[in-house]
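# Coordinate inspection notes
Below, each chain spelled out in residue letters.
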Amino acid sequence: MSAKAITEASGKDILNRHLNTHGAGAATCRFATVNATTDWSKLSIDQPWLLTTPLVVKPDQLIKRRGKLGLIGVKKNFEQVKQWIGERLNKDQKIGNAVGKLRNFIIEPFVPHTDAEEMYVCIYSHRAADTILFYHQGGVDIGDVDAKAVKLDVPVNSKLSLADVKSKLLKEVKDAGTKERIAKFISALYTTFVDLYFTYLEINPLVVTADNLYILDLAAKLDSTADFICRPKWGEIDYPPPFGRDAYPEEAYIADLDAKSGASLKLTILNRNGRIWTMVAGGGASVIYSDTICDLGGASELANYGEYSGAPSEQQTYEYAKTILNLMTSSPKHPLGKVLITGGGIANFTNVAATFQGECWVFSFPYLIMPIDLNVICFAGIITALREFQPKLAEHNVSIFVRRAGPNYQEGLRRMRDFGSTLGIPLHVFGPETHMTAICGMALGKRPIPQAASVEFSTANFLLPGGQQAQADLKAASEAGEALGSGKSLSPTAAKPIKLPPISADEGDSSASVGGAHRNGSSLNRKFFSNTTKAIVWGMQQRAVQSMLDFDFICRRDEPSVVAMVYPFTGDHKQKYYWGHKEILIPVYKKMSDAIHKHKEVDVMVNFASMRSAYESTLEVLEFPQIRTVAIIAEGIPENMTRKLIIEADKKGVAIIGPATVGGVKPGCFKIGNTGGMLDNILHSKLYRPGSVAYVSRSGGMSNELNNIISKATDGVIEGIAIGGDRYPGSTFMDHILRYQADPETKLIVLLGEVGGTEEYDVCAALKDGRITKPLVAWCIGTCASMFTSEVQFGHAGSCANSDRETATAKNKGLREAGAYVPDSFDTLGELIHHVYGELVKTGRVVPKEEVPPPTVPMDYSWARELGLIRKPASFMTSICDERGQELIYAGMPISEVLSKDVGIGGVISLLWFQRCLPSYVCKFFEMCLMVTADHGPAVSGAHNTIVCARAGKDLVSSVVSGLLTIGDRFGGALDGSARQFSEAYDTNLHPMEFVNKMRKEGKLILGIGHRVKSINNPDVRVKIIKEFVLENFPACPLLKYALEVEKITTNKKPNLILNVDGVIATAFVDMLRNSGSFTSEEAQEYINVGAINSLFVLGRSIGFIGHYMDQKRLKQGLYRHPWDDISYVIPEQYN
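Owing to the predicted nature of the structure, the values given are computational and were not obtained by experimental measurement.

### Observations regarding the overall build of the protein
- Across its full length, the protein holds 39 helices and 35 strands.
- For the protein, the residues scored as buried account for 55% of the 1136 residues in total.
- Across the protein, contacts joining residues at least 24 apart in sequence account for 73% of those joining residues at least 6 apart.

### Observations regarding the packing of helix α35 (residues 1021-1033) against helix α37 (residues 1061-1075)
- Where α35 meets α37, the closest approach of the two axes is 9 Å, and the angle between their N-to-C directions is 15°. With respect to α37, the element α35 is oriented roughly parallel. You can see that α35 and α37 cross each other, and the crossing is left-handed. Here α35 contributes R1022, V1023, I1026, K1027 and V1030 to the contact with α37, which in turn contributes V1061, V1064, I1065 and A1068.
- Counted by class, the contact of α35 with α37 contains 7 nonpolar, no polar and 2 charged residues.

### Looking at the pairing of strand β21 (residues 562-566)
- By the criterion of burial, β21 is predominantly enclosed, with 5 of the 5 residues buried.
- Crossover strand β20 (residues 535-538) to β21 through helix α17 (residues 542-554) is right-handed.
- The pairing of β21 with strand β23 (residues 582-589) spans 2 bridges and is classified as parallel. Within the sheet, the bridge partner assigned to V566 lies in β23 and is Y589.

### Some remarks on the packing of aromatic side chains
- Going through the model one piece at a time under the given rule, you end up with 22 aromatic pairs.
- A ring pair is formed by F193 and F198, whose centres lie 6.3 Å apart and whose planes are at 15°; its orientation type is stacked.
- A residue is classified by how much of its surface remains accessible, and F193, at 1% relative accessible area, is buried.
- On the numbers, 5.7 Å between centres and 80° between planes, the contact of F1079 with Y1087 is edge-to-face. Take F1079 and Y1087: they sit in the same class, and that class is buried.
- Put simply, the rings of W913, F914, Y921, F925, F926, F1034, F1069, F1079 and Y1087 touch in pairs and so form one group of aromatic residues.
- In this structure, K4 packs its charged tip against the face of Y239, placed 5.2 Å from the ring centre.

### Re unusual backbone geometry
- In the segment running from N204 into P205, the intervening peptide bond is cis, with an omega of 5°.
- At the junction of G658 and P659, the peptide bond is cis and its omega measures out at 0° in the coordinates.
- Note that P659 resides in the loop between β26 (655-657) and β27 (664-666).
- Despite not being glycine, N157 shows a phi value in the positive range, around 70°.
- Residue classification places N157 among the exposed positions, given a relative accessible area of 56%.
- Of note, N397 is a non-glycine position whose phi angle comes to about 55°, a positive value.

### Thoughts on the side chain of E319
- Summarising the element assignment, E319 is placed in helix α10 (residues 314-330).
- If sequence neighbours within four positions are ignored, E319 has contacts with Y253 and L257.

### A few points about the sheet that holds strand β34 (residues 889-890)
- Sheet architecture is open: 3 strands sit in the order β33-β34-β35, paired in antiparallel fashion. With one partner strand each, in any of the chains shown, β33 (881-882) and β35 (893-894) form the two edges of the open sheet.
- Two elements, β33 and β34, share 2 bridges in a ladder whose sense is antiparallel. Within β34, the residue paired with D882 across the bridge is I889.

### Brief notes about the environment of A252
- With respect to the helices and strands, A252 occurs in helix α8 (residues 249-259).
- The class of A252 is partly exposed, set by a relative accessible area of 47%.
- A252 sits 15 residues away from L267 along the chain, and the two C-alpha atoms are 8.8 Å apart.

### A look at the side chain of S44
- In this fold, S44 is placed in helix α2 (residues 40-46).
- The buried category is assigned to S44, whose relative accessible area is 13%.
- Setting aside chain neighbours within four positions, we find S44 in contact with L51 and F78.

### Remarks on the environment of S331
- Take S331: it is sitting in the loop between α10 and β17 (338-344).
- Taking relative accessible area as the criterion, S331 reaches 5% and is therefore assigned buried.
- With 58 residues separating them in the primary sequence, S331 and N273 have C-alpha atoms 5.5 Å apart.
- Ignoring anything within four residues of it in the chain, the contact list for S331 reads R272, N273, K338 and H396.

### Digging into the sheet that holds β21
- Across the sheet, 7 strands lie side by side as β22-β23-β21-β20-β24-β25-β26; this open sheet has mixed pairing. Each edge of the open sheet is held by one strand with a lone partner, namely β22 (573-579) and β26. Taking the axes of each pair of neighbouring strands and ignoring which way they run, one obtains an average angle of 25° across the sheet.
- Sheet contacts for helix α19 (residues 614-621): β20, β24 (604-607) and β25 (629-632); angle to β24, the most-contacted strand, approximately 170°.

### Considerations on helix α31 (residues 941-951)
- What α31 keeps buried is the set G942, A943, T946, I947 and A950. Summarising the axial view, the buried residues of α31 lie within an arc of 130°, below the 170-degree limit, and thus occupy one face.
- Each element contacted by the buried residues of α31 is listed here: α32 (956-964) and α39 (1094-1115).

### Focus: the confidence of the model for the protein
- With 88% of its residues at a pLDDT of 70 or more, the protein shows a mean pLDDT of 86.
- Averaged over each element, pLDDT in the protein is lowest for helix α16 (residues 470-485) (43) and highest for β20 (98).
- Predicted confidence for residues 353-379 stays below pLDDT 50, and this span has 128 contacts to residues more than four positions away or in other chains.
- Segment residues 795-801 is flagged for pLDDT under 50; beyond a separation of four residues in sequence, or across chains, it makes 37 contacts in the model.

### Notes on the pattern of salt bridges
- Applying the stated criterion across every chain, the model contains 45 salt bridges.
- Residues K82 and E79 are paired through a salt bridge, measuring 3.8 Å at the closest nitrogen-oxygen approach. Taken together, the residues span about one helical turn, with K82 and E79 both in helix α3 (residues 78-86) at a distance of 3 residues.
- With its nearest N and O atoms 3.1 Å apart, the salt bridge here joins E1002 to K998.

### Quick look at the nonpolar core
- If you look at the biggest cluster of nonpolar residues, it comprises 109 residues, and the most contacted ones within it are I737, L751, V763, V777, L815, F826 and I833.
- Ignoring anything within four residues of it in the chain, the contact list for I833 reads I709, I710, A713, T714, L748, V750 and V777.
- Membership of the second largest hydrophobic core comes to 73 residues, among which are I132, A564, V566 and V630.

### Topic: a nonpolar patch on the surface
- Taken together, the side chains of L956, V957, V961, L965, I1106 and M1110 make up a nonpolar region of the molecular surface, amounting to roughly 540 Å² of accessible area.
- Secondary structure elements with two or more residues in the nonpolar patch: α32 and α39.
- Ranked by residue count, the leading element in the nonpolar patch is α32, at 3 residues.
- The residue V961 is located in helix α32 in this model.

### Remarks on the state of the cysteines
- For the structure shown, the criterion picks out 0 disulfides.
- Sulfur of C784: no disulfide; nearest cysteine sulfur belongs to C294 and is 4.8 Å away.
- With relative accessibility at 0%, the residue C784 sits in the buried group.

### Points about the environment of L69
- Position of L69 among the secondary structure elements: in the loop between β3 (55-59) and β4 (73-76).
- With 25 residues separating them in the primary sequence, L69 and K94 have C-alpha atoms 9.9 Å apart.
- Not counting residues up to four positions away in its chain, the partners in contact with L69 are I63, K64 and I95.

The rules behind these values
Residues numbered from 1 in each chain as written. Predicted model: local features only at pLDDT ≥ 70, side-chain atom pairs only at ≥ 80, totals over all residues. Heavy atoms only, no water. Helix = DSSP H or I, 4+ residues; strand = E, 2+ residues; numbered from the N terminus. Buried < 20%, exposed > 50% of the residue type's maximum accessible area, 1.4 Å probe, protein only. Contact = heavy atoms within 4.5 Å. Axes fitted to C-alpha atoms, helices over the stretch in contact; angles between N-to-C directions. Parallel < 35°, antiparallel > 145°, perpendicular 65-115°, else oblique. Left-handed = near helix turned anticlockwise from the far one by under 90°. Nonpolar A, V, L, I, M, F, W, Y, C, P; charged D, E, K, R; others polar. Right-handed = clockwise from strand over helix to strand, strands pointing away. Pairing = 2+ DSSP bridges. Phe/Tyr/Trp six-rings, centres within 6.5 Å; stacked < 30°, edge-to-face > 60°. Lys NZ or Arg CZ within 6 Å of the ring centre and 35° of its normal. Arc of directions from axis to C-beta. pLDDT = per-residue confidence, 0-100. Salt bridge = Lys/Arg side-chain N within 4 Å of Asp/Glu carboxyl O. Core = buried A, V, L, I, M, F, W, Y, C linked by side-chain atoms within 4.5 Å. Patch = residues over 30% accessible without salt bridge, like charges linked within 9 Å, V, L, I, M, F, W, Y side chains within 5 Å. Areas by Shrake-Rupley, 256 points an atom, 1.4 Å probe, with all protein chains shown as cover. Disulfide = S-S within 2.5 Å.

Below, the structure written as structure tokens:
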């Protein structure tokens, strides 16, 4: 929801900080807020006026007409206020049908005044203007303000003049000075209203005394989508729930998850003890499921409303599912058990099989409005939550009903049924052969649960050039079309017969009835798309572009519809895409102007910009007259910005689809972005060729479901548009319905409206006055809203009724009375469409055409592999780390556990190098080795190289690598060689003296023995530290002891032939591998052979090299040149 109500205290706080900066001349609102946790003593100290002023007290919980309800205490002292609140705090209060507890109160100074000084001011926004209401009498007895108040409309993007305020609003204010003061106040209030993105602001009364203006009671709503603009001015804003619905901590938790995510996560708890719980994907689908449950008599048992969409992460989905399951199983048991309904529309392009694979669920989002690239999203969290709560689910006798559809759904449903068999509770799974909401009737016992559902053909097979069942499927579709033509019912048993008035065989010239009531005259009364439409895509949406190109290809277009892309964050370049079997290049431009000027044939722009930049990018493209249609995909664009876009587009005759939409489709011609989903669903719904039915919907996801319904019930879709879920879509229902009316190829129109707004009444008027003569099937979702005791904001920003006239029930009644065909519920929408279509076929208005199979399109490798159709050896294998899931995993240990167990760097080494958790003494040994080998001064070759490179201006990586390249048998890299030499000698039972003599005889150095500086008389402290630790902590260290015996022999010959750091680490490392109990003898030898022991020196010395690099940069040392006097030049005296 975009327009959200705020508390009176929040509204007055905002006005206190901003109103008078615009010259309002109003008194500062003094107030104090109180709840159950308030410390009254501290409050009186912080607000001393509470003890010296007569007070007014009232609840601050979005309750209307508090004065009429007796919920205002007037002229009370501090103690009386405490008593007044104490009598009501946490007590039940019934207001209308809602019952709730009073928890929050506001206390203000009493302002002495007369009734004549009370006035009424209200400002609210709507599509084309902001309306200011003023009445010279205010207060609790104002009555029907809509009938009494004077109204002044301020068009969007216009200024309010003082002259208009005085002449049009303040006619009844006779005193010139008072009129001037009020006019300035209203002008400042309106400026604040616009600048701070209010959508509603009511003051009743505004008290105007001789010396000041006082805001007494205030109600306000903010456009919450403008938070990224207004947060510094608003401050931290809490949006309280409507009265009668408590703010549960679980709701706050999900709201916090939602705020931190680019996805949409919504949860409203309607009845914590209810038995019917839902987890639905998509804004439109979530409303329809709630409608159906209420229509079936489940309103009193419906526990929650909610939706998740827009690609929440695995962790977020787990938290969402866990929250619902916890609520479901923490409330009292129900004698009939409980049900969990998990459903949604047809998946756009998610592999349903992957949805239910192993530990990973993938849920698609029917209302896909996020400007993202989405393929398969792993939601292992949901199945994890179900398994986690399995005992409680069984205890509460929970049954689960799932309806999913989309690509490869048969395999997915099979996997889900297999999972259900292990869950131990009833789990019923259905696909697209079952109507979307049929599972609601099954869950509530109103409809039998089929033992075996009829399974349709696999849509994925359409994509295969051979071996598929495409021809058989097309034949079946043709037979279905013949059945429709004969008037046979698509549904074997209709709920009840639908009576239809006769449809005339000839309506005459439908276009002649379309008059000038259409906005912009006839500028939008045109075909938006054809099979030659060319488009520019704003944003690097590679998946969406490829989807559009594949659609073009199966529609047998001669050329791709996408000719260019605009992406300001990169330079001009080209992107590779597929056009059928071959690859093509599409240019990407940094500037919109370049794209427009180089592609004069373009007249459509598909805008995938985010909510923060969609406004500016759309305004920019409106400057180019060749662009006639713009689709804005982003959700969450502030309403003021959307309204300005609408005004600009109207001026220039440009049609806007969206915001907050998946787009639209013109079968056989063009589709916007991800509309219609993957080719599987496009082929399944026969969108590759035109039908006879046009539809318009708010919900993008439900438009996909409409494609499916219409393809089953008729000869298919001729055009479908999702205008978007925001309060102010760029184009309206009527804009598109009148286009369909004027199109001779369109024979039947379908409208899917929803609760909120009044646009459907424009359709009623057009039906009555004859502008719409074609049969119109209509249904408005959200009928459940009237059954709830408190206001519920549904998934779309615009789906909230602000009056009885905006309810879905009232709209459906009005449409039916105006002559539209309106079903009894969404459940029977498909049957009604089928019946109306059958009448059109009977009267000859529609002649079903023979199906023509579309061309096959090669399946992308990634999708074919996902469907399990191909296999390929992996290019890489890894067994130590996995970053794909919920969190990073080191050798089977989640990173959170790595940190919580504090395994340290040694523990991380043990996981990543050896794939196991080694004993703590081994991890400590690793860390000690890293510390003692980190550096040995700037003179050694590795550090020297690093320093020279750093002083030559090279970067960190180059400098460090130059040092690492010196590591070898002569510098640092002797660990592996030392380990091999000592191990071979020890394993062949050579006496230490024999070993020394053997190496001398062979003329080989004993690696790990000898030091340039240190000696038996000047021992290396590093060796001493490691040696003592190993001897004390290792369970056995025979090789180290053997090396120490060798040292005794070598130091007798020369005092500097000591066991050095390389030797002690190497031999101790071998002892660890062989004697820690963590490795087999084969594994230990393999690690020695692969050079694992050198890794400690490489890792440790890298620390020192980095230190030397940073030291040289910090000291700002210049280019190094070796001095001449340190070079011995040995040059021949003469050339031979």
